[in-house]
Every structure is written in C-alpha cells, then in structure tokens.
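Below are the chains, spelled out letter by letter.
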Amino acid sequence: VTSEPRAFIALDTGAATVAAAMIGRVGSRWRLIGSITMPAGADVEAIIAVLGARAADADPALAVALDLRHGGAVDLPRLEVASHPPRKLAVVAASQRALEPLVATASRSGWLTAAASTDGTDPLAMSTLLLDSGVHGVLVGAGDPPAADERRALGELAALIAAAAGRRPELVVVLAGGMSDHLPAFGDVGRRPGEVVLGPSARRGIPGGPLADLLLELALPPADAHRSLGWGAMALADVLDRRVDVVEIGHDAGTRAAASPGVGGASATAELAVVPTAALAPADPDDAVVDRVGLWSTWGADRHRLRDRLRELRIAPWADATGDGATLRLAAARAALSRLAECTPDWDDRPPADLTVATGGAWAVAAAPTVALALVDVLRRPGAGQFAIDHARILAPLGSIPDADERRAMVADLVDDLLAPLGTVVTPAGMRTGRNAGSVVVHGVTGEVRLDLTPGGLALVDLPPGSSAVAEFTFRDTVKLGARGRHFAIEVTGGLGGLVVDMRDVPLRLPDRADLRGEMLESWQATLLNGRDA
Amino acid sequence: VSTADVRLVPARRLISAPVDALFALAPGDRALVAAGDSVVVGAPIAEMIRDPRLDEFDLPTDAEAPLPGSRWTGNNRRGTDGGPTGEYIFDWHGRWRVATGDITDALETPFAGIVREVRPGTGITIRAAGRGIRGIVALGGPTRGRLQLGADGELRSGGLDVGSAGTILVVGSRVDAETLTRARAMGVCGVVVAGLASKERRDFIGSEARQRAALHRLPPFAVLVLDGATRRPLAGAVRAVLAALAGFEVAIVTDPPMLVFDRPNLVIPPPPVDLVRIRAGAMSGREGQFITAIGPRRFPGGAHLEAGIVRLPDGTDAAIPLGDLERFV
C-alpha cells in the first residue's frame with residue numbers, strides 16, 4: 001500500500017472460503033468499511049463487486065469520500081494472502097525412538113507426514129515411500145551426537161536416501177542433527193533443483209524450536225495466509241501490549257500463533273504452528289478423528305454416518321452450514337482444535353494468553369457465543385482471558401504487509417474494527433464439587449450484579465461489547481485463578497458472549513454415555529446463547 | 001438473471017481438458033514406454049512386479065557402476081530366454097540392493113495418448129487424446145469399457161446381469177459394496193456413481209485388496225465417485241454428457257479420478273448460465289434457475305448465510321444458501 005489510495009481490498013483466499021474486506025481511509029486513520037465471506041469457487045471479482053456495491057449503498061457519502069465509484073471496487077489495490085494445500089514430507093530415522101520427536105516436529109510445521117524408520121520399515125518400502133509422486137520432501141534425522149542404536153544404520157540410511165534424492169532431484173531434503181555428517185553422500189547439492197538443507201536435531205517433548213522454524217520456512221510459500229497470520233498476531237500483540245494467542249481452523253490445516261509484546265525495547269515475538277492434521281475435516285478421516293468429532297457432537301449419529309458427513313464437509317466445506325450441518329461443523333471445529341492443542345504441548349507451560357483470537361472459515365457461520373464456548377471447551381487454562389474473533393478475516397492480510405512499522409501502524413488503526421469481542425472467560429480450577437463455591441460481584445457502570453457460583457457449570461453475566469467492569473470473586477476454598485487464593489478482583493471487558501464464569505473441570509471431563517454428553521453440551525450452549533445458567 | 005449474481009455461486013468444471021493421468025509405478029516395475037511415445041488403447045505401458053523383494057548383488061569388478069533406477073538383468077536361467085530383471089535401488093558398501101520379483105502383470109493404458117513423462121519407481125504420465133469428467137475419488141485400477149446407463153436410483157446386486165460384462169455402468173445415486181463385488185465378478189469393468197458411503201467404500205477397498213492378492217486376478221475394475229458420500233442423484237449436466245457417451249468406449253483413471261472419453265466430434269453445449277444445482281440441505285440434488293442473490297439471510301440453526309433465490313422446475317422459488325449451490329462451467 002504505497003500509492004496513497006483512499007481504500008483497498010484485503011483478500012484472504014482460503015481453500016473453503018474467500019473473505020474480502022474493504023478498508024478505507026476515514027479522517028486520519030484506516031477503518032474497516034465492510035466485509036463479505038463467500039464459498040471458494042465463487043468468482044472473486046464478483047465478490048468484490050458485491051462488497052463495493054453494498055458499501056456504497058450503505059453510506060453514499062463515505063463512498064464519495066473514498067473515491068469509490070459504482071463498480072469501481074474491483075479496481076482497488078489488493079492486499080492478498082492465500083492458503084495452500086499442505087505438501088507431504090517423508091520423515092525417516094534410524095530408529096523408532098529417534099523418529100518420534102522428528103514426526104512431532106514436522107507435523108506441526110505445515111507438512112503432512114509419512115514416517116518410516118530402519119528398525120520398523122524395510123528398505124524397499126522406504127524407497128517406495130521416497131519415490132512416491134505425492135511426497136515433496138524428506139526429513140531425515142538423528143540425535144546429535146547419534147545414539148548407539150542409530151549409529152550402525154545411519155550409513156545405509158544415508159545411501160538409500162541419497163539414491164532416492166538422485167532419482168528425484170526436485171525433492172527437498174533436510175538432514176537434521178547427526179545426519180548432517182552424511183551430506184557428502186548427496187554429491188554436489190548446489191546443482192540440484194531441490195534444496196538439501198542442514199538442520200538442528202529434534203528435541204523430545206518440545207516439538208517447536210529451530211527445526212520447526214526451518215520446516216515451516218520450507219513448507220509455506222511467501223504470501224501464505226498461515227505465515228502471515230503469525231506476523232499479524234505479532235503486530236496485534238505489540239499494539240495491544242498483551243500476550244495474544246491466535247487460533248485458526250481451516251480446510252487444510254489448523255494454525256496457532258502465540259505472540260508476545262516487546263518488553264524493554266525488544267521487539268515483539270511470535271511462534272507459529274501449522275498443523276495439517278488439525279484441519280476441520282481431514283481428507284481421509286480415520287476412526288480416531290471420527291470418534292473425537294462424535295465426542296463433541298450432539299447429533300447422535302453412528303460412526304459410519306458421521307464419517308460420511310465429515311467426507312461431505314471435506315468435499316464441500318461451505319455447504320450444509322444450517323441445522324445439523326452447523327452442529328456438525330462446530331463439533332468438527334472442537335475436535336480439530338483439540339488436535340491442534342495436542343501438537344503444541346510445550347505451549348501449556350507458558351502463562352495463559354491475555355487475548356485469544358479465533359479466525360478462519362470454520363467459525364464464520366457460528367453464533368459468536370458458541371465460538372467462545374468452543375474455544376474454552378478445548379483450550380482450558382485456569383485464569384481469566386479475553387476472547388475475540390477476527391470476523392472480517394483481515395489479520396492474515398495485514399500480517400502480509402512486509403514493513404514491520406507499516407504493519408504495526410495499520411493494525412493500530414484497525415484494532416477496534418478487526419476484533420469482534422466475544423467476552424471475558426474466568427476459569428477457576430480446584431473447586432470442590434457438590435457445594436456452593438462462593439460468589440462473584442460484578443461492579444459495572446450501571447450497578448452491581450451478584451451471582452452464586454456452583455461448581456461444574458457456567459455462569460453468565462450480561463456485559464455488552466465495549467463495556468468493562470470489575471469482577472470480585474470470593475471462593476469458599478482456595479482455588480487456582482492465575483495465582484492460588486480465595487479472593488480475586490479481576491478487570492473484565494464485555495463482548496457478544498458477556499462475562500462467563502466457567503466452573504467446569506480443567507481439563508473438561510465429559511460423560512461416557514453419548515446421550516448424557518449431548519444433553520450436557522446442549523445445556524452449556526443454551527447458557528451462552530439464551531443467558532440461562534447451566 | 002444478473003450474470004454478476006450467478007458468479008457468486010461456486011463453479012464446478014463439467015469437462016476437463018487436457019487430461020494428464022498418472023499411472024503409479026513401484027520400485028522394480030518396468031516401464032515399457034518412453035517420454036514422447038504415442039500409445040493406443042490397450043497398449044502395455046509397464047510390467048508391474050506382483051510381490052517385490054529387495055535382493056543384494058555384487059557387481060562384477062570390471063562393470064560400470066549403474067545409476068539408481070536403472071534396470072538390472074540377472075544371469076540366464078535354464079530353460080528361459082532371459083534372466084530375471086529388476087531395478088537398482090541403492091549401493092551400500094559395494095553391494096547393490098535390487099528390487100525384483102518373480103511374477104509380473106502387464107499394465108495397459110485405458111486410453112490413447114502421448115507419454116509425457118516416465119519416472120522409474122514413481123510413475124508414467126500420459127496425456128489422453130480426449131476429455132474427461134472429474135470425480136471425487138476413484139477406487140480400484142485403471143480400466144476401460146463401453147459406457148452403459150443403469151438405474152437412476154440405487155443399483156442392487158440383483159439388478160445386475162451378465163449382459164453388462166465389459167461395460168462401465170452408470171448406476172445413479174448410490175451403490176453398495178456387495179453390488180460392486182458382484183459386478184466385478186460378472187465381468188463389469190467399472191461403475192460410475194454419484195455417492196459412495198464410507199462403509200461401502202471401506203468394504204469394497206478390502207475386497208479389492210483381497211482380490212489383488214489372489215493368484216488368479218480378475219481384470220481391472222474401478223469405481224468412480226462423482227459427488228460425495230451421501231445419496232444424491234447425478235447432476236443433470238453430467239447425466240446429459242454420460243447419455244451422449246452411452247454405447248461408446250470410455251476409461252476410468254484413478255489419478256486424477258476421472259472418466260476419460262475420446263469423442264472429438266461430440267459437441268457438449270455449455271450448461272445454461274443460470275442453471276444451478278442444490279448439493280446440500282433438504283432439497284439436495286434438485287436443480288433450478290438462479291434468479292438473484294439476496295444477501296445474508298438467517299437459516300435454521302441460527303446461521304446467517306449469503307443466499308440466493310432459486311426457481312425450481314415446479315415454479316416455486318426457494319431461498320438457498322449460496323454455499324449449498326453449485327453451477328457447471
């Protein structure tokens with residue numbers, strides 16, 4: 001955005017949906033003028049034309065101020081990102097023990113993975129895997145230094161992979177940890193079209209880190225929406241001076257970005273995880289995927305029917321978004337979110353985020369309070385946090401602005417428009433069941449509201465978007481709410497879901513019986529949608 | 001009808017051209033064609049090893065070092081014209097690992113075309129001399145046969161007769177695994193269906209794997225699924241093309257999943273611009289005329305979705321989410 005335009009289009013082209021937003025210069029700052037989300041496969045020019053026409057019809061004076069003539073929206077400059085289908089990475093190691101951390105790292109780094117180790121797979125099957133036309137890269141790793149059980153097999157493994165890489169010169173090869181010593185087996189790597197890259201070894205139990213960053217860099221093209229989301233989260237954290245967690249459930253992958261503001265002159269930081277297995281509906285849902293969706297479903301379908309519906313969701317992700325389809329979509333989103341959280345276990349050791357932002361097509365058609373409930377159902381941490389949704393899906397396009405200062409300035413201008421607040425959720429942990437847990441008094445501008453707290457349920461205080469209050473909690477027993485204690489005063493902000501006091505277990509425990517589980521899920525949802533306490 | 005409005009409906013390509021089909025090869029398989037070759041229908045393009053294994057061999061000291069992927073030929077066996085063959089995979093400490101096997105099957109191209117690429121151990125890509133109808137998935141192996149239109153609804157196993165041997169059957173909305181295995185046993189070459197449920201898909205894949213493992217194999221058989229996993233009739237535009245192809249030889253390939261036909265003189269008129277098909281919801285499978293986009297509307301379940309008015313053949317108008325619609329281009 002360099003030629004001083006009065007308006008531009010932010011475009012997030014996903015595999016399932018296309019989100020277009022018009023951003024215009026109003027007064028001295030950039031504002032969100034309007035947005036629209038349409039199924040992928042629709043004509044992008046037609047989508048932008050409709051967006052422009054609606055903006056002009058809604059406020060003709062503003063349209064004139066933005067130089068927006070009728071039908072002229074398609075000519076506006078565009079800030080565009082797109083998500084791309086993940087590619088497949090063959091992950092190989094000399095032992096099963098060495099393979100596990102490599103797979104854990106690769107599967108959260110934007111790659112679909114297929115794993116093999118020399119002690120579990122014969123060389124012919126491994127060669128077949130590497131020569132498969134669907135495989136685009138190879139990650140071969142060993143400990144640094146290699147462990148005793150790896151050393152004997154590393155030479156033969158390097159010879160096998162070098163032979164396959166010679167036959168497929170376009171294959172990207174990553175030699176991690178102790179495998180770096182076998183680089184000479186690959187000959188003159190500068191002459192092959194596919195890169196041969198040296199990387200650090202994978203760390204057991206900590207799937208993030210330098211190797212994950214390297215794999216992300218290789219997996220994501222430059223204008224990729226997932227990559228931009230990390231930059232956008234970082235700018236948002238810097239502007240708000242808050243720890244921000246962004247979660248996206250998309251058609252091809254789930255993305256999680258954890259950003260922290262800069263402290264003491266240091267710049268803001270962000271960590272990114274892109275998990276293809278955390279897609280809304282994986283391409284070939286196995287029993288584990290289907291069962292997990294069934295766990296969150298109130299629909300009561302058997303495994304075969306549920307699998308059929310998930311396949312349909314995969315084939316036409318925007319279709320069937322009403323009635324049962326909306327319920328299934330939310331169940332699939334919760335299941336995907338839990339897979340996403342499982343792939344970032346090291347993030348649980350950090351302080352909880354001050355603000356969690358949901359983005360992506362999976363949330364686009366759900367009622368705002370149910371989005372907040374889905375997030376707190378899965379991403380459960382004791383404490384208090386705000387939740388919001390990137391309703392116009394402009395965080396990723398803004399993140400693609402190459403200059404950090406310009407990106408930050410743009411996010412600062414748009415921060416009030418880009419987030420729709422869902423509310424504040426307070427989640428105390430460690431309460432005893434079966435008795436009154438205490439009370440909360442919410443001191444707002446319009447007066448006080450007092451609620452008794454019953455363990456195991458949700459309590460809702462109506463707190464509209466834009467308002468703030470102080471919630472004073474008095475518990476009968478010591479609970480964990482950030483710190484341990486019995487009395488807490490927390491500043492809370494309102495949202496479409498209000499203030500939610502979540503007194504359910506951390507982590508959430510659901511009944512084994514499907515009918516009881518369904519009733520419980522429905523009652524929680526009714527609490528947030530209708531305002532009844534569960 | 002506003003042309004701009006109908007462009008908001010997701011588009012699906014009715015006919016794909018050109019068609020580049022990949023025939024996967026495994027290490028040890030032998031390609032019989034080279035890039036640039038012209039192949040006719042039924043021409044053998046590869047020898048596929050049935051139960052490949054990895055053997056180790058020393059190279060003669062005066063032999064030139066082979067490249068991985070090149071062919072290996074063993075010493076002549078008594079009573080045979082040539083020795084065993086295989087493919088060099090990799091060299092470790094001077095001993096070559098070679099993928100080889102005792103029994104081979106011929107892989108034939110189901111359509112005529114030009115070989116674009118041959119990569120030993122990976123696959124052969126052939127550009128078809130024809131066009132194709134894209135599906136969601138194809139199960140089984142590449143096959144060809146005379147296209148025969150079957151029942152509009154669900155085909156049961158009892159509805160099959162031996163007269164369908166050698167054909168590719170279009171069976172309408174849905175089919176079960178029992179019908180598919182019976183069709184294969186009766187000599188039917190393939191089945192084209194709108195929807196295949198996950199359970200039937202799993203059962204058929206299991207049956208196909210057992211059949212492929214048998215010593216005496218049946219001819220290749222494929223199931224092409226055009227729409228998805230639930231029951232819905234074939235789209236009218238697709239049905240019209242299939243009706244025009246009835247009685248002619250067509251092929252099914254698995255990568256990409258596609259029905260390929262070589263009828264250069266067949267003129268396929270583009271579907272009407274405003275013709276849309278409802279692919280989900282209570283009216284799934286019905287088709288109508290797109291009248292106009294009406295903006296966001298609230299639908300059951302509380303979802304606010306962009307919608308359009310569709311005029312159904314009985315003259316009634318319905319507001320349908322745009323995401324539930326599709327149009328063919």
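Residues numbered from 1 in each chain as written. Chains lettered and ligands numbered in written order. Predicted model: local features only at pLDDT ≥ 70, side-chain atom pairs only at ≥ 80, totals over all residues. Heavy atoms only, no water.

Chemist: Is there a simple way to explain the overall build of chain A in this structure?
Modeler: Of regular secondary structure, chain A possesses 14 helices and 21 strands. Taken against the 2.2 N^0.38 rule, which gives 24 Å for 534 residues, the C-alpha radius of gyration of chain A at 25 Å falls within 12% of a compact globule. Taking the principal axes of its C-alpha atoms as reference, chain A extends roughly 75 × 65 × 55 Å. In chain A, which comprises 534 residues, the share counted as buried stands at 57%. Only carbon and sulfur atoms are counted for the fraction: they give 51% of the accessible area of chain A, which is about 21,000 Å². Taking the 51 positively charged and 65 negatively charged side chains of chain A as two groups, their mean positions are separated by 4 Å. (Helix = DSSP H or I, 4+ residues; strand = E, 2+ residues; numbered from the N terminus. Rg over C-alpha atoms; globule rule 2.2 N^0.38 Å. Buried < 20%, exposed > 50% of the residue type's maximum accessible area, 1.4 Å probe, protein only. Areas by Shrake-Rupley, 256 points an atom, 1.4 Å probe, with all protein chains shown as cover. Lys, Arg positive; Asp, Glu negative; His and termini not counted. Charge placed at Lys NZ, Arg CZ, Asp CG, Glu CD.)

Chemist: Is there a simple way to explain the overall build of chain B in this structure?
Modeler: The number of helices and strands found in chain B is 4 helices and 27 strands. Overall size of chain B, expressed as C-alpha extent along the three principal axes, is 80 × 45 × 45 Å. Put simply, chain B has 329 residues, and 49% of those count as buried. Summed over its atoms, the accessible surface of chain B is roughly 14,700 Å², and 52% of this surface lies on carbon and sulfur atoms.

Chemist: Help me understand empty space enclosed by the protein in this model?
Modeler: Unfilled space is identified by rolling a water-sized probe across the atoms. All names here are of chain A. Scanning the model with the defined rule gives 5 cavities of 30 Å³ or more in all. Quantified by volume, the largest cavity comes out at close to 270 Å³. In this structure, the largest cavity is lined by 27 residues; those nearest its centre are Glu-248, Ile-249, Gly-250, His-251 and Gly-361. Where the lining of the largest cavity is concerned, the elements lending two or more residues are α7 (225–240), β10 (244–249) and α12 (395–399). (1 Å grid on protein atoms, 1.4 Å probe; cavity = no way out; pocket = protein on both sides within 12 Å on 5 of 7 lines; lining within 4 Å. Points joined across faces, edges and corners; volume = space filled by probe spheres on them.)

Chemist: I'm lost on the packing of aromatic side chains in this one. Help?
Modeler: Each aromatic ring pair is summarised here by two numbers: the centre-to-centre distance and the angle between the ring planes. A full pass over the atoms with the stated rule returns 7 aromatic pairs over all chains. Taken together, the aromatic side chains of Phe-473, Phe-475 and Phe-488 of chain A make up a single cluster linked through ring pairs. One residue, Arg-504 of chain A, lies across the ring of Trp-524 of chain A, its end atom 4.3 Å from the ring centre. In this arrangement the basic side chain of Arg-263 of chain B is found over the ring face of Phe-248 of chain B, its NZ or CZ atom lying 3.5 Å from the centre. (Phe/Tyr/Trp six-rings, centres within 6.5 Å; stacked < 30°, edge-to-face > 60°. Lys NZ or Arg CZ within 6 Å of the ring centre and 35° of its normal.)

Chemist: Help me understand the interface of chain B and chain A in this model?
Modeler: How big an interface is tends to be stated in terms of the accessible area lost upon association of its parts. On the side of chain A, 42 residues touch chain B, which itself brings 52 residues to the contact. Taking both sides of the interface into account, the surface hidden between chain B and chain A amounts to around 3,600 Å²; carbon and sulfur atoms contribute 62%. Broken down residue by residue, the surface that chain B buries against chain A is led by Arg-7, Leu-8 and Phe-90 of chain B, which jointly contribute 16%. The interface formed by chain B and chain A holds 7 salt bridges in total. Across the pair Arg-97 of chain B and Glu-156 of chain A runs a salt bridge whose closest N-O atoms are separated by 3.3 Å. If you look at where chain B meets chain A, you find 17 residue pairs in polar contact (both at pLDDT 80 or more). Those elements giving two or more residues to the side of chain B that touches chain A turn out to be β6 (53–58), β8 (85–92), β9 (95–100), α3 (198–213), β20 (222–228), β24 (287–299) and β25 (303–311) of chain B. With 6 residues, the single largest contributor to the side of chain B that touches chain A is β8 of chain B. (Contact = heavy atoms within 4.5 Å. Buried area = accessible area lost by both parts, 1.4 Å probe. Salt bridge = Lys/Arg side-chain N within 4 Å of Asp/Glu carboxyl O. Polar contact = N/O pair within 3.5 Å; in protein donor to acceptor, adjacent residues only side chain to side chain.)

Chemist: Sorry, what's going on with helix α9 (residues 303–315) of chain A here?
Modeler: Residues spaced three or four apart along an α-helix point in a common direction, a consequence of the helix completing one turn every 3.6 residues. With 13 residues, α9 of chain A extends 18 Å from end C-alpha to end C-alpha; this agrees with the ideal 18 Å at 1.5 Å per step. Those residues of α9 of chain A that are buried lie in contact with α8 (287–296) and α10 (324–342) of chain A together with β18 (174–175), α3 and β20 of chain B. Where α9 of chain A starts, the residue carrying a side-chain oxygen 3.0 Å from the main-chain nitrogen of His-304 of chain A turns out to be Asp-302 of chain A. (Expected span 1.5 Å × (residues − 1).)

Chemist: For this particular structure, what's the right way to read the side chain of Arg-201 of chain B?
Modeler: In this structure, Arg-201 of chain B sits in helix α3. No salt bridge forms around the buried Arg-201 of chain B; measuring N to O, its nearest opposite-charge neighbour Asp-284 of chain A is 4.5 Å away. The contact partners of Arg-201 of chain B, leaving out residues within four places of it in the chain, are Arg-311 of chain A together with Val-137, Leu-139 and Leu-196 of chain B.

Chemist: Please explain the confidence of the model for chain B as it appears in this structure.
Modeler: For any part of a model where pLDDT is low, the fine detail of the predicted coordinates should not be relied upon. When pLDDT is averaged along chain B, the result is 92; 97% of the residues meet or exceed 70. For this predicted complex, the interface confidence comes out at an ipTM of 0.90, alongside a pTM of 0.92. (pLDDT = per-residue confidence, 0-100.)

Chemist: Teacher, can you tell me more about the pairing of β9 of chain B here?
Modeler: Residue and element names in this part refer to chain B. With 5 of its 6 residues buried, β9 lies for the most part within the structure. As judged from the 6 bridges shared by β6 and β9, these two strands associate in the antiparallel manner. Each residue of the ladder has a partner; that of Phe-57, found in β9, is Trp-96. As judged from the 6 bridges shared by β8 and β9, these two strands associate in the antiparallel manner. Residue pairing in the sheet places Phe-90 in a bridge with Arg-97 of β9. Where β8 hands over to β9, the hairpin turn is made up of 2 residues, of which His-93 adopts a positive phi near 55 degrees. (Pairing = 2+ DSSP bridges.)

Chemist: How do you make sense of the sheet that holds strand β17 (residues 447–453) of chain A when you look at a structure like this?
Modeler: Backbone hydrogen bonds are what pair the strands of a sheet, in a parallel or an antiparallel way. All names here are of chain A. With antiparallel pairing, 4 strands are arranged side by side in an open sheet as β17-β16-β19-β20. Only two strands of the sheet have a single partner each, and these edge strands are β17 and β20 (483–493). Taken over all neighbouring pairs, the strand axes of this sheet differ in orientation by 15 degrees on average, direction set aside. Alignment of strand β16 (residues 438–444) against strand β19 (residues 468–481), held across 6 bridges, turns out to be antiparallel. When the sheet's bridge partners are listed, Val-442 is paired in β19 with Ala-471. (Axes fitted to C-alpha atoms, helices over the stretch in contact; angles between N-to-C directions.)

Chemist: Would you explain unusual backbone geometry in this entry?
Modeler: For residues other than glycine, phi is negative in most cases, and the peptide bonds are mostly trans. Residues and elements named next belong to chain B. Of note, the amide linkage connecting Ala-17 to Pro-18 takes the cis form, showing an omega dihedral of -5 degrees. By the element assignment, Pro-18 lies in the loop between β1 (11–12) and β2 (20–24). Cis geometry marks the peptide bond from Asp-255 to Pro-256, where omega comes out at 0 degrees. By the element assignment, Pro-256 lies in the loop between β21 (249–254) and β22 (257–261).

Chemist: How should I be thinking about the nonpolar core in this particular structure?
Modeler: Residue and element names in this part refer to chain A. Ile-23, Leu-139, Ile-394, Leu-398 and Leu-414 are the most contacted members of the largest nonpolar core, which totals 56 residues. The contact partners of Ile-394, leaving out residues within four places of it in the chain, are Ala-10, Ala-21, Ile-23, Leu-32, Leu-414 and Leu-418. One finds Ala-336, Leu-458, Leu-508 and Leu-521 within the second-largest nonpolar core, a separate group that totals 49 residues. (Core = buried A, V, L, I, M, F, W, Y, C linked by side-chain atoms within 4.5 Å.)

Chemist: So what exactly am I meant to see when it comes to the sheet that holds strand β3 (residues 29–39) of chain A here?
Modeler: Residues and elements named next belong to chain A. If you trace the 4 strands from one edge of the open sheet to the other, you get β3-β2-β1-β4, paired in mixed fashion. Pairing within the sheet leaves two strands with one partner each, and these edge strands are β3 and β4 (78–82). Averaged over all pairs of adjacent strands, the angle between strand axes in this sheet comes to 15 degrees, irrespective of strand direction. The sheet contact formed by strand β1 (residues 7–13) and strand β2 (residues 17–26) spans 7 bridges and is antiparallel. Among the inter-strand pairings, Ala-10 is bridged to a residue of β2, identified as Ala-21. Against the sheet, helix α13 (residues 404–418) makes contact with β1, β2 and β3, and its axis sits at roughly 65 degrees relative to β3, the strand it touches most.

Chemist: Any chance you could explain the packing of helix α4 (residues 123–131) of chain A against helix α5 (residues 148–167) of chain A here in plain terms?
Modeler: For any two helices packed against each other, the geometry is given by the interaxial angle and the distance between the axes. All names here are of chain A. Where α4 contacts α5, the axes come no closer than 10 Å and their chain directions differ by 35 degrees. At the point where α4 passes α5, the crossing takes the right-handed sense. Between α4 and α5, the contacting residues are Pro-123, Met-126, Ser-127, Leu-130 and Leu-131 on the first element and Leu-157, Leu-160, Ile-161, Ala-164 and Arg-167 on the second. Taken together, the residues of the contact of α4 with α5 sort by class into 8 nonpolar, 1 polar and 1 charged. (Left-handed = near helix turned anticlockwise from the far one by under 90°. Nonpolar A, V, L, I, M, F, W, Y, C, P; charged D, E, K, R; others polar.)

Chemist: Help me understand the layout of surface pockets, please; the structure alone is not making it clear to me.
Modeler: All names here are of chain A. Estimates place the volume of the second largest pocket at around 840 Å³. Looking at the lining of the second largest pocket, the elements that each hand over two or more residues are β10, β11 (254–260), α8, α10, α11 (368–378), β14 (383–389) and β15 (420–427). Per element, the largest residue contribution to the lining of the second largest pocket is 5 residues, and it comes from β14. Its residues assigned to classes, the lining of the second largest pocket shows 21 nonpolar, 8 polar and 10 charged.

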